[in-house]
Each structure stands twice: as C-alpha cells, then as structure tokens.
Protein chains: 2
Amino acid sequence: MTISRTFLSAAVIGAVALSTMTFSATAQEANPAVEARQGYMQVMSLNIGVLGQMARGNTDYDAEAAQIAADNLVTLNQINQSFFWPQGTDTDTIEGTRALPAIWADFAGVTDVSTQYATAVEGLSGVAGDGLDAMRAALGSVGSACGACHDDYRQPR
Amino acid sequence: MTISRTFLSAAVIGAVALSTMTFSATAQEANPAVEARQGYMQVMSLNIGVLGQMARGNTDYDAEAAQIAADNLVTLNQINQSFFWPQGTDTDTIEGTRALPAIWADFAGVTDVSTQYATAVEGLSGVAGDGLDAMRAALGSVGSACGACHDDYRQPR
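Residue indices begin from 1 for each chain and proceed along its sequence in written order. Going through the entries in the order they are written, you letter the chains from A and number the ligands from 1. Reporting of local features is limited, given that this is a predicted model, to residues whose pLDDT is at least 70; pairs of side-chain atoms are given and counted only at 80 or more, and all residues count toward the totals for whole chains, interfaces and linings. Calculation of side-chain values draws on the structure's entire complement of heavy atoms; hydrogens and water are dropped beforehand.

1. Remarks on the overall build of chain A
Okay, so step 1: In this description a helix means any DSSP run of H or I spanning at least four residues, a strand means any run of E spanning at least two, and both kinds are numbered starting from the N terminus. Scanning chain A from N- to C-terminus turns up six helices and zero strands.
Okay, so step 2: Traced from its N-terminal end to its C-terminal end, chain A shows the element sequence α-α-α-α-α-α.
Okay, so step 3: When checking whether two residues touch, look at their non-hydrogen atoms; a contact exists if any pair is within 4.5 Å. Taking all contacts inside chain A whose residues are at least 6 apart in sequence as the whole, residues at least 24 apart take part in 72%.
Okay, so step 4: Surface accessibility in these figures is a Shrake-Rupley result with a 1.4 Å probe; residues are shielded only by whichever protein chains are displayed. When the accessible surface of chain A is totalled, it reaches about 7,000 Å², and 53% of it is carbon and sulfur.

2. Describing the relation of the copies chain A and chain B
Okay, so step 1: Here chain A sits on chain B after a turn of 180° about the axis and a move of 0.0 Å along it, with an RMSD of 0.0 Å. The transformation relating the two chain copies, once decomposed into turn and shift, fits a two-fold axis. Of every C-alpha in chain A, the one belonging to Gly39 of chain A sits nearest the axis of rotation, 1.6 Å from it. Alignment of the copies relies on least squares applied to C-alpha atoms, considering only residues that score at least 70 for pLDDT in both.

3. Some remarks on the confidence of the model for chain A
All names here are of chain A.
Okay, so step 1: Values of pLDDT, the confidence the predictor places in each residue, fall between 0 and 100. Per-residue confidence for chain A gives a mean pLDDT of 87, with 82% of residues at or over 70.
Okay, so step 2: This stretch, residues 1-27, has a pLDDT under 50; its non-local contacts, to residues over four places away or in other chains, come to 55 contacts.
Okay, so step 3: Under the prediction, the complex receives an ipTM of 0.84, its pTM being 0.85.

4. Quick notes on the layout of surface pockets
Okay, so step 1: By volume, the largest pocket amounts to about 1,100 Å³.
Okay, so step 2: As for the largest pocket, its lining consists of 43 residues, of which Arg37, Gln38, Met41, Trp85 and Arg154 of chain A are closest to the centre.
Okay, so step 3: At the level of secondary structure, the elements contributing two or more residues to the lining of the largest pocket comprise helix H2 (32-55), helix H5 (107-127) and helix H6 (132-153) of chain A together with helix H2 (32-55) of chain B.
Okay, so step 4: The element that contributes the greatest number of residues to the lining of the largest pocket is H2 of chain A, accounting for eleven residues.
Okay, so step 5: Note on residue categories: nonpolar means Ala, Val, Leu, Ile, Met, Phe, Trp, Tyr, Cys or Pro, charged means Asp, Glu, Lys or Arg, and polar means any other residue, Gly included. When its residues are assigned to classes, the lining of the largest pocket shows 20 nonpolar, 15 polar and eight charged. In this analysis, the protein atoms alone were mapped onto a 1 Å grid. Cavities are point sets where a 1.4 Å probe fits without being able to get out; pockets are open sets with protein on both sides within 12 Å along at least five of seven lines; lining residues have an atom within 4 Å of a point. Grid points are joined across faces, edges and corners, and a volume is the space filled by probe spheres set on the points.

5. Here we look at the interface of chain A and chain B
Okay, so step 1: Counting residues at the interface gives 35 residues for chain A and 35 residues for chain B.
Okay, so step 2: Between chain A and chain B, the buried area comes to about 2,800 Å², and carbon and sulfur atoms account for 73% of it.
Okay, so step 3: Here the quantity called buried area is the accessible surface, traced with a 1.4 Å probe, that two parts lose on coming together, added over both. If you sort the residues of chain A by the area they bury against chain B, Leu46, Thr75 and Phe83 of chain A come out on top, with a joint share of 22%.
Okay, so step 4: The rule for a salt bridge is simple: a side-chain nitrogen of Lys or Arg has to be within 4 Å of a carboxyl oxygen of Asp or Glu. Inspection of the region where chain A meets chain B yields zero salt bridges.

6. With respect to the environment of Gln87 of chain A
Okay, so step 1: Here Gln87 of chain A is to be found in the loop between helix H3 (63-76) and helix H4 (102-105).
Okay, so step 2: With 17 residues separating them in the primary sequence, Gln87 of chain A and Trp104 of chain A have C-alpha atoms 7.6 Å apart.

7. Some remarks on H2 of chain A
Residues and elements named next belong to chain A.
Okay, so step 1: What a helix should span is 1.5 Å times the count of its residues minus one. Under the 1.5 Å per step criterion, the end-to-end length of H2 is 34 Å for 24 residues, consistent within 8% with the ideal 34 Å.
Okay, so step 2: As used in this structure description, the phrase polar contact means that two N or O atoms lie within 3.5 Å; if the pair is within protein, one of them must be able to donate a hydrogen and the other to accept it, and residues adjacent in sequence are counted only when both atoms belong to side chains. Looking at where H2 begins, the residue whose side-chain oxygen comes 2.8 Å from the main-chain nitrogen of Ala33 is Asn31.
Okay, so step 3: Phi turns positive one or two residues past the end of H2, at Gly57, with a value near 80°.

8. Some words on the packing of H2 of chain B against helix H3 (residues 63-77) of chain B
Residues and elements named next belong to chain B.
Okay, so step 1: Lines are fitted to the C-alpha atoms to define the axes, a helix being fitted only along its stretch in contact, and any angle between axes, read from their N-to-C directions, falls within 0 to 180 degrees. Remark: H2 packs on H3, axes separated minimally by 9 Å, with the N-to-C direction vectors making an angle of 155°. Taken as axis vectors, H2 and H3 run roughly antiparallel relative to one another. Where H2 crosses over H3, the handedness of that crossing is left-handed. Touching Tyr40, Val43, Met44, Asn47, Ile48, Val50, Leu51 and Met54 of H2 are Ala65, Ala66, Ala69, Ala70, Asn72, Leu73, Leu76 and Asn77, all from H3.
Okay, so step 2: Class assignment for the residues of the contact of H2 with H3 results in 13 nonpolar, three polar and no charged. By definition in this entry, angles of less than 35 degrees are roughly parallel, angles greater than 145 are roughly antiparallel, angles of 65 to 115 are roughly perpendicular, and the rest are oblique. Here a crossing is taken to be left-handed if its near helix is turned anticlockwise relative to the far helix by less than a right angle, and right-handed if that turn runs clockwise.

9. Remarks on the nonpolar core
Okay, so step 1: Residues grouped as a nonpolar core are buried Ala, Val, Leu, Ile, Met, Phe, Trp, Tyr and Cys residues, joined through side-chain atoms within 4.5 Å. Summary of the burial criterion: residues with accessible area below 20% of their type's maximum are buried, those above 50% are exposed, and those between are partly exposed, where the area comes from a 1.4 Å probe applied to protein chains only. By size, the foremost hydrophobic cluster in this structure holds 78 residues, and its most contacted members are Leu124 of chain A together with Leu124 of chain B.
Okay, so step 2: Once residues within four sequence positions are removed from consideration, Leu124 of chain B is found in contact with Leu51, Ala70, Leu73, Met135, Ala138, Leu139 and Val142 of chain B.

10. A few points about H3 of chain A
All names here are of chain A.
Okay, so step 1: In this model H3 runs 20 Å from its N-terminal to its C-terminal C-alpha over 14 residues, within 8% of the 20 Å that 1.5 Å per residue would give.
Okay, so step 2: When you tally the buried positions in H3, you get eleven out of 14 residues, the bulk of the element.
Okay, so step 3: Turning to H3, its buried residues are Ala65, Ala66, Ile68, Ala69, Ala70, Asp71, Asn72, Leu73, Val74, Thr75 and Leu76.
Okay, so step 4: The backbone nitrogen of Glu64 lies 3.0 Å from a side-chain oxygen of the residue at the head of H3, namely Asp62.

11. Examining the state of the cysteines
Residues and elements named next belong to chain A.
Okay, so step 1: The rule for a disulfide is simple: a pair of cysteine sulfur atoms within 2.5 Å. Tallied over the entire structure, the rule returns zero disulfides over all chains.
Okay, so step 2: We note that Cys146 lacks a disulfide partner, and the nearest cysteine sulfur, in Cys149, lies 8.4 Å from it.
Okay, so step 3: A relative accessible area of 19% places Cys146 in the buried class.

Okay, structure coming up:
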C-alpha cells in the first residue's frame, strides 16, 4: 500500500472538478468535500488542543497522551487530500467555507506551507513524549505552520 | 513512531474523563471531542462516497482515485481515537450527538465491530485498484461493518 502525502494534487483536482463533485455557485446544501475538510481540521484541532492544554499548564503533562496526539497529527497528515479541494469550493463561489481562491491559484505556495507543516508535526512526534519543554517547543513550530497557511489561504472571520 | 490502532482505549477514556475535557449535561457549546469525531466521520464519508459513486455507476471507475480513497480509509483508521470519546458525551448526557451510551457500556462489542471495520478497509485497500468488480465487493464488506456499528451504537435520526 502506498500512501501519497500529496496535500493538493493538481491532477486529481482537475479530475474531481470534472466529476459529480463540482458544485455550482448557488448550491446551498452541505458540500461533502467542504464538510470533510472542515471535519479534518476538527480532528487536527482536538489533538493540537490536547497538547496545547499541556503546553499552557491547563492540564498536567502526560507523555503517553502527548505522544498519541502528536502521532495522530502525523497520521492525519498522511491522508491524501485530493478529494477535499474540488474546483468551485472557494469563498468566491460557495457559502460555508473560508477557503480562499488563493489555494487553487497558488499551488506552489500551498505546497510550501504543507511541507512546513509536515516537517513540524514530524518533529513534534519525535519529542512529544520527552517532557513538557521539548513538546512545547516543537508545538510552537506546528503553530507557526498552521498560522502560515491560515494567514494566506483562510478568510478571516 | 508507534501508532496505536486502539479504537477506544478504556484507560485513556478514563484519563480524559478526569481532565478538562469532561462536559456537563447542560453544556450547549460545541464540544471539541464531539466535533472531532463527527468530523472524522465526514472524512470517512467523503472517501467512501468516492468509491460508492463508482460502485453505483454514477462515476466511471478510476483505479487511481479508488486506491487513494481506500488507502485514506486505512490511514484514517490508524488515528488513535482515545480523545474522541470522553465520558459524558453520549446521547443521555449532551445534545448534538447520536453516540449511544452503549459505546461506553459495551467496550467488547465496540472492539468487535472496530476489528470488523479494520479488516474490511484493509481488504478494500488491497483490491481497490484491481477493477470495479473487486472494489465493489470489498466495499460491500466495509458497508456491512459501518452498518454493524451504527445499528448498535448510533441513535437513529
């Protein structure tokens, strides 16, 4: 089994755009691709939250739980996101998304921040069980990668 | 890096139940654990949907896309779900969930259906790129596993 780590595969986006997963500007019903990518972010958020609560001292550092959360982020990052991002699911085209058109227009930039995030979560997984200070420092790099993507590719509320 | 495939870790559920992730019966705000597990289901659903559309003949069979979707299901199943299921997040306790108390009361049964699902998605991943008929048959086993869990552990709408 080969798991592609492609964050955004231009070829598959093209294929999906031609399939039944293309949505019109007027479609108001739930879009399964949008729901899935937002759901994916909720899974990320829960696991980052476990670590963030420890980093802020709101919960005791727990090496086992920290390692589970960090490993989950690595595993989650191995999901191939091709189906998440069909053409026509940006903020200019549909409601219920904060995904800016820049995601589709700037594939190189998205790839860069994706690589930054992948490096950060792999680093976090490597040290999450090694104590609070090590975990906290590595979590900071993950937060920077999250922010880098959100700054450029997510519509502010 | 070790990825635990534990669907429901009783020990971690206990730990989480004692942490800040416990929610009261009156809490109406979004529960991050509930949002994450529902989001996880959306990611499953999107990928199963790609395969289901092919199986029903609504889209052409595409070996590459089918393999991506099947591999995604295997990867997703490697997420450790410990943080998804804190005590006090069942239908008897909070709103906004269909997770029946039986999930927490019948750990052995949940483990059984989880194992059935894991076997089914691994089987699917093994044949998803081998043609429509092979994929469709293996997808049927995945659907049976989904149904087995939903029948016993998910509240009907």
